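Below are the chains, spelled out letter by letter.
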Amino acid sequence: MDNAIQQKVDQWLQGNYDAETKKEIQRLQSENSNELADSFYQNLEFGTGGLRGVMGVGTNRMNKYTVGMATQGYANYLRQSFPGEVRVAIAHDSRNNSRFFAETTANVFAANDIKVFLFESLRPTPELSFAIRTLGCQGGVVCTASHNPKEYNGYKAYWNDGGQLVPPHDKNVIKEVEKIQSVDDVKWSGGEANITLIGKELDEKYIRMVKGLSVYPEVIEKQKDLKIVYTPIHGTGIMLVPQVLEAFGFKNVHIVEEQKTPDGNFPTVAYPNPEEKETMSIGLQKAKDLDADILLGTDPDADRVGIGIKNNKGEWVLMNGNQTAVLAFNYLLEARKEKGIAQDNDMIITTIVTTGMVDDLARGNGVTCYRVLTGFKWIAEMIRLKEGKENYVIGGEESFGLMIGDKIRDKDAVSAVALLCEMAAYEKEKGNTLFDKLVELYIKYGFYKEDLISITKKGMDGQQQIAAMMQEYRNNPPQTINGSKVTTVLDYDNGLATNVQTRDVSPINLPRSNVLQFITEDGSLISARPSGTEPKIKFYFSVKEELAGADQFDEVNAKLDDKIRAIIKDMKLG
């Protein structure tokens, strides 16, 4: 084993670590040296969003010690940034060890004389954002690995606006975390009196807030028997989604029993991700059996939502994140105009890898659309920058996330479920389906279609392989993609957009991010972006054709599918 790795292993065996941890290290030494090396070859990175990794012993794993050291660094920065009393809120999802990590986090903050509001049991991530704003906290943490496989857990850090950390705080917290070189630098206990348990009262305030987002409660009253199937996929959504739907007035809600109980082993799915058809398959079957109007699923921490609806042939299909965003954005823009509550300074926000159809919706409804980097922390930052000047209505991105209204500052599947059901009720009242509405929008604005593929590079050299792929694209960008000339290259890492024909260069006015985009002559957009939380590189594809009428949907849809497949083949990605 590499000497540097062995030294770190020895430090854990000789240091102030519990007996169970040392016993597991010794087991790995004798039974699985490769796993031991992977557990210690690097420190689990406290990135700009916090921690995320496989659970286990070692510096490269999620465990009591990596969580405690990260919390000590974050606590130090909070104490530096806010003189006087500092408050934080802490929540967690249904994953294995999430409660333990949340309590560890609470104890370290409390030992640093920080007032802690700890949810009494699992709660959705968006409620954590709401709690920070409601309780006047300076920061917060939610212990979750979102939709990752069951082996993972994570730690997301928040600032006083209820959004995840953005510059300069993200980098500054990282610096403080990196200063914590030993578990002996951590204050593990001694401030338990600083911890207050919270729960039902916050739940009630959150539910009232979400109910206030409804635009057409009178339509829900008429369509209160809309047949809804919902699955929390063994996660936190069960704590609030049924209650919110009841508060909205829906009376015909069917929970997927097999996935109702919170369980960090996610026994019915391979990945607890509502983007995956396999994950939604039990819900789809229930929706078919009941002849439901809509199917909804939320991920373990209830910040992502997937929906299923019937298509033009009466077949159940899952919407992708872009389609869901288009429906939600359009509904709020149109409904607010119809109700007479739209404001002249209304704005919407999306991200650089989300469908271009959102810009068309904004223009068609006379509102401003801002595009930010991928991730809801950037949407939250834009709301903060525009606060008092422009009125935020809705934000969202392709990764099955929506953020409705400005009372929270992170993606919220709980309010999204309620709004999507209201949309379905609104269309049903008119004799239509959500699919009919989507086709109507395609006819009006153009048929946009997107797809995403992820390439995973595991192991110690996985990140290096991904970095090499990005460097190759930067050094040798494609001249053509699927026979169409590349006209523009956008490099968000160096902040430059290059016109390939004229060689003119213009600045991109966004923070630096490791993303590349290629725009072709025929209007296709291809984006390459390494994941910030997993050893993956993601490729996003967006193509567009005109749709003259609903009767041509299948033909144009097939044409767009063929185009995306041809792009993937030409780029040697599939």
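Definitions and limits used
Residues numbered from 1 in each chain as written. Predicted model: local features only at pLDDT ≥ 70, side-chain atom pairs only at ≥ 80, totals over all residues. Heavy atoms only, no water. Helix = DSSP H or I, 4+ residues; strand = E, 2+ residues; numbered from the N terminus. Rg over C-alpha atoms; globule rule 2.2 N^0.38 Å. Buried < 20%, exposed > 50% of the residue type's maximum accessible area, 1.4 Å probe, protein only. Contact = heavy atoms within 4.5 Å. Areas by Shrake-Rupley, 256 points an atom, 1.4 Å probe, with all protein chains shown as cover. Salt bridge = Lys/Arg side-chain N within 4 Å of Asp/Glu carboxyl O. Expected span 1.5 Å × (residues − 1). Right-handed = clockwise from strand over helix to strand, strands pointing away. Pairing = 2+ DSSP bridges. Polar contact = N/O pair within 3.5 Å; in protein donor to acceptor, adjacent residues only side chain to side chain. 1 Å grid on protein atoms, 1.4 Å probe; cavity = no way out; pocket = protein on both sides within 12 Å on 5 of 7 lines; lining within 4 Å. Points joined across faces, edges and corners; volume = space filled by probe spheres on them. Nonpolar A, V, L, I, M, F, W, Y, C, P; charged D, E, K, R; others polar. Core = buried A, V, L, I, M, F, W, Y, C linked by side-chain atoms within 4.5 Å. Axes fitted to C-alpha atoms, helices over the stretch in contact; angles between N-to-C directions. Parallel < 35°, antiparallel > 145°, perpendicular 65-115°, else oblique. Left-handed = near helix turned anticlockwise from the far one by under 90°.

Examining the overall build of the protein
Piece 1. In terms of regular secondary structure, the protein is built from 18 helices and 23 strands.
Piece 2. For 574 residues, the compact-globule estimate of 2.2 N^0.38 gives 25 Å, and the C-alpha radius of gyration of the protein, at 24 Å, lies within 12% of that figure.
Piece 3. If you line up the protein on its principal axes, its C-alpha atoms span 70 × 55 × 50 Å.
Piece 4. Out of the 574 residues belonging to the protein, those deemed buried represent 57%.
Piece 5. By sequence separation, contacts in the protein at least 24 residues apart represent 69% of the contacts at least 6 residues apart.
Piece 6. For the protein, the exposed area adds up to about 23,200 Å²; of that, 45% sits on carbon and sulfur atoms.

Things to note about the pattern of salt bridges
Piece 1. A full pass over the atoms with the stated rule returns 40 salt bridges.
Piece 2. Taking the shortest distance from any N to any O, the salt bridge between Asp359 and Arg371 comes out at 2.7 Å. Of this pair, Asp359 sits in helix H13 (residues 357-365) while Arg371 sits in strand S13 (residues 368-372), and the two are twelve residues apart along the sequence.
Piece 3. A relative accessible area of 18% means that Asp359 is categorised as buried.
Piece 4. Connected through shared salt-bridge partners, Glu120, Arg123, Glu127 and Asp203 make up one network.

Considerations on helix H5 (residues 98-111)
Piece 1. Helix length check: H5 (14 residues) gives 20 Å between terminal C-alpha atoms against 20 Å at 1.5 Å per residue, within 8%.
Piece 2. Of all 14 residues in H5, ten are buried, a share of seventy percent or more.
Piece 3. Taken residue by residue, H5 has Ser98, Phe101, Ala102, Thr104, Thr105, Ala106, Val108, Phe109, Ala110 and Ala111 as its buried positions.
Piece 4. The first or second residue beyond H5 is Asp113, which carries a positive phi of 60°.

A word on the pairing of strand S2 (residues 87-92)
Piece 1. Taking burial as the measure, the six residues of S2 include five buried ones, the bulk of the element.
Piece 2. After leaving S2, the chain enters H5 and then returns to the sheet as strand S3 (residues 115-119), a path that is right-handed.
Piece 3. Sheet topology note: the S2/strand S4 (residues 139-143) ladder contains five bridges and is parallel. Each residue of the ladder has a partner; that of His92, found in S4, is Cys143.

A short note on helix H15 (residues 413-429)
Piece 1. Over its 17 residues, H15 extends 24 Å from the first C-alpha to the last, a length consistent with the 24 Å expected when each residue adds 1.5 Å.
Piece 2. With respect to burial, H15 is a largely interior element, 15 of its 17 residues being buried.
Piece 3. N-cap assignment for H15: the residue whose side-chain oxygen lies 2.9 Å from the backbone N of Val414 is Asp412.
Piece 4. Following H15 by one or two positions, Gly431 has its phi on the positive side, about 85°.

Some thoughts on the layout of surface pockets
Piece 1. In this model, the second largest pocket occupies a volume close to 530 Å³.
Piece 2. Taken together, 23 residues line the second largest pocket, and the ones lying closest to its centre are Asn43, Thr59, Met69, Ile180 and Gln181.
Piece 3. Counting residues per element, the ones that place at least two in the lining of the second largest pocket are helix H1 (3-14), helix H4 (64-81) and helix H7 (169-179).
Piece 4. The element that contributes the greatest number of residues to the lining of the second largest pocket is H4, accounting for four residues.
Piece 5. Residues of the lining of the second largest pocket, tallied by class, amount to eleven nonpolar, eight polar and four charged.

Things to note about the nonpolar core
Piece 1. Ile294, Leu296, Ile348 and Phe541 are the most contacted members of the largest nonpolar core, which totals 130 residues.
Piece 2. When residues of this core are assigned to their parent elements, the largest contribution, twelve residues, is made by H15.
Piece 3. Aside from chain neighbours lying at most four places away, what touches Leu296 is Ile228, Val229, Tyr230, Thr231, Met280, Val305, Gly306, Ile307, Val417, Leu420 and Cys421.
Piece 4. Core analysis: the second largest hydrophobic core is formed by 32 residues, Ala75, Phe82, Val86 and Tyr155 among them.

A short note on the packing of helix H12 (residues 321-339) against H15
Piece 1. At a minimum axis separation of 10 Å, H12 and H15 run at an interaxial angle of 65°. By the angle between their axes, H12 is roughly perpendicular relative to H15. When the axes of H12 and H15 are compared, the crossing they make is left-handed. Contacts from Thr324, Leu327, Ala328, Tyr331, Leu332 and Glu338 in H12 reach Leu419, Leu420, Glu422, Met423 and Tyr426 in H15.
Piece 2. Among the residues forming the contact of H12 with H15, the class breakdown is eight nonpolar, one polar and two charged.

Some thoughts on the environment of Arg208
Piece 1. For Arg208, the position within the fold is in helix H8 (residues 200-211).
Piece 2. The spatial distance from the C-alpha of Arg208 to the C-alpha of Ala247 is 8.1 Å, given a sequence separation of 39 residues.

A short note on the sheet that holds strand S8 (residues 253-255)
Piece 1. Read across the sheet, five strands follow the order S8-S7-S9-S10-S11 without closing on themselves; strand pairing throughout is mixed. Bordering the open sheet on either side are S8 and strand S11 (316-318), each of which pairs with just one other strand. Strand-to-strand twist in this sheet, taken as the mean axis angle between neighbours without regard to direction, amounts to 20°.
Piece 2. Two elements, strand S9 (residues 294-298) and strand S10 (residues 305-310), share four bridges in a ladder whose sense is antiparallel. Looking across to S10, one finds that Thr298 is bridged to Val305.

A few points about the sheet that holds strand S14 (residues 391-397)
Hydrogen bonds along the backbone pair up the strands of a sheet, which may run parallel or antiparallel.
Piece 1. Reading across the sheet, the four strands line up as S13-S12-S14-S15 and stay open at both edges, with mixed pairing between neighbours. Two strands lie at the open edges of the sheet, namely S13 and strand S15 (401-404), each paired on one side alone. With strand direction ignored, the average angle separating the axes of adjacent strands in the sheet is 20°.
Piece 2. When S14 meets S15, the two strands line up antiparallel, connected through four bridges.

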